[in-house]
Amino acid sequence: MKCPFCGGDSTRVLDSRPTDENTSIRRRRECEKCGARFTTYERYERLPFLVVKKDGRREKFSREKLLNGLLRACEKRPISVDTVNEIVDSVENEVVKSGKHEVVSSEIGEMVMTKLKSLDRVAYVRFASVYKEFRDLDHFMDIIEELRDDRNR
Ligand SMILES: [Zn+2]
């Protein structure tokens, strides 16, 4: 695996262990050329599924998007990046296991909130408030679209 810092071709694995829920393997690596250290995760490959937004638009589920939202909610809280990764994994697993190819965005929000609630109250409230704002933004966009439609009539 190439070093993300210098592009060097050989890296050494310093440490390799499963994450707490045993759904992925975390590896600490060191570049043999520049000495930089970084982490890689090995996890199951999953089939992509679509997220249906409130207005019916669909987009591909993005791990990264959900992960970033969660990291923001968990900022300065006693929650490790591994734990946050596991929440994303388990949400993704739940959807894949259900065999659905599409899932409504509010369902994903509810799944995350259920998991956060038992983990950390502050992160839970933060996530809920951001999530509600997204809903308001969607609503705002609906209104704009309606106004635009009226004008074109
Ligand atoms: Zn390097």
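One can find the structure itself at the top, above this paragraph.
What comes next is a walk through the structure. Computed from a predicted model, the values in this text were never measured in an experiment.

A look at helix α3 (residues 105–119)
Here comes step 1: Given a rise of 1.5 Å per residue, 15 residues ought to cover 21 Å, and the 22 Å separating the end C-alpha atoms of α3 matches this to within 8%.
Here comes step 2: Listed in full, the buried residues belonging to α3 are I108, G109, M111, V112, M113 and L116.

Quick notes on the pattern of salt bridges
Here comes step 1: As enumerated under the stated definition, the model contains 16 salt bridges in all.
Here comes step 2: Salt-bridge contacts for R58 lead to E102; the nearest nitrogen and oxygen are separated by 2.8 Å. Taken together, the positions of R58 in strand β5 (residues 58–60) and E102 in strand β6 (residues 102–104) put the pair 44 residues apart, joining distant regions of the chain.
Here comes step 3: Exposure remark for E102: the relative accessible area of 33% places this residue in the partly exposed category.
Here comes step 4: One salt bridge in this structure joins K115 and E94, with 2.9 Å as the shortest N-O distance. Highlighted residues: K115 in helix α3 and E94 in helix α2 (residues 81–98), separated in sequence by 21 residues.

Description of the coordination of the zinc ion
Here comes step 1: In this structure, C3 (SG), C6 (SG), C31 (SG) and C34 (SG) serve as the protein donors to the zinc ion, at separations of 2.2 to 2.4 Å.
Here comes step 2: Its 4 donor atoms give the zinc ion angles of 105 to 113 degrees at the centre, a pattern that matches the tetrahedral case.
Here comes step 3: Along the chain, the residues donating to the zinc ion fall in the pattern C-x2-C-x24-C-x2-C.
Here comes step 4: For C3, a relative accessible area of 4% puts it in the buried group.

Comments concerning the nonpolar core
Here comes step 1: With 24 residues, the main nonpolar core has F49, L66, L70, I108, V112, L116 and F127 as its most contacted residues.
Here comes step 2: Among the elements of the structure, α1 (63–73), α2, α3 and α4 (121–152) are those that each provide at least two residues to this core.
Here comes step 3: For L70, the contacting residues outside a window of four places in its chain are V84, I87, V88, V112, L116 and F127.

Let's talk about the sheet that holds strand β1 (residues 11–18)
Here comes step 1: On the basis of which strands lie adjacent, the open sheet formed by 3 strands has the order β1-β2-β3 and antiparallel pairing. Of all the strands in the sheet, just β1 and β3 (37–43) have a single pairing partner and so form its edges. When strand polarity is set aside, the average angle formed by the axes of neighbouring strands in this sheet is 25 degrees.
Here comes step 2: Across 7 bridges, the pairing between β1 and strand β2 (residues 24–31) is antiparallel. Each bridged residue has a counterpart across the sheet, and for D15 the counterpart in β2 is R28.
Here comes step 3: Here α2 sits on the sheet and contacts β1, β2 and β3; the angle it forms with β3, its principal contact strand, is near 25 degrees.

Quick word on the sheet that holds strand β4 (residues 50–52)
Here comes step 1: With respect to topology, 3 strands assemble into an open sheet ordered β5-β4-β6, the strand pairing being mixed. Looking at strand neighbours, the two that pair on one side only are β5 and β6, the edges of this open sheet. Between one strand axis and the next, the sheet turns through 30 degrees on average, direction left out of account.
Here comes step 2: The sheet contact formed by β4 and β6 spans 3 bridges and is parallel. Directly across from V51, in β6, lies its bridge partner V103.

Comments concerning the pairing of β3
Put simply, side chains in a regular strand alternate between the two faces of the sheet.
Here comes step 1: Note: β2 against β3, 7 bridges, orientation antiparallel. Opposite R26, over in β3, you have Y41 as the bridge partner.
Here comes step 2: Here β2 folds back onto β3 in antiparallel fashion, the turn holding 5 residues, of which G35 has a positive phi close to 80 degrees.

Conventions adopted
- Residues numbered from 1 in each chain as written.
- Predicted model: local features only at pLDDT ≥ 70, side-chain atom pairs only at ≥ 80, totals over all residues.
- Heavy atoms only, no water.
- Helix = DSSP H or I, 4+ residues; strand = E, 2+ residues; numbered from the N terminus.
- Expected span 1.5 Å × (residues − 1).
- Buried < 20%, exposed > 50% of the residue type's maximum accessible area, 1.4 Å probe, protein only.
- Salt bridge = Lys/Arg side-chain N within 4 Å of Asp/Glu carboxyl O.
- Donors = N, O, S within 2.8 Å, 3.2 Å for Na, K, Ca; no water.
- Tetrahedral: all angles 85-135°; square planar, octahedral: opposite > 155°, others 65-115°.
- Core = buried A, V, L, I, M, F, W, Y, C linked by side-chain atoms within 4.5 Å.
- Contact = heavy atoms within 4.5 Å.
- Pairing = 2+ DSSP bridges.
- Axes fitted to C-alpha atoms, helices over the stretch in contact; angles between N-to-C directions.

Shape descriptors only; they carry no functional weight alone.
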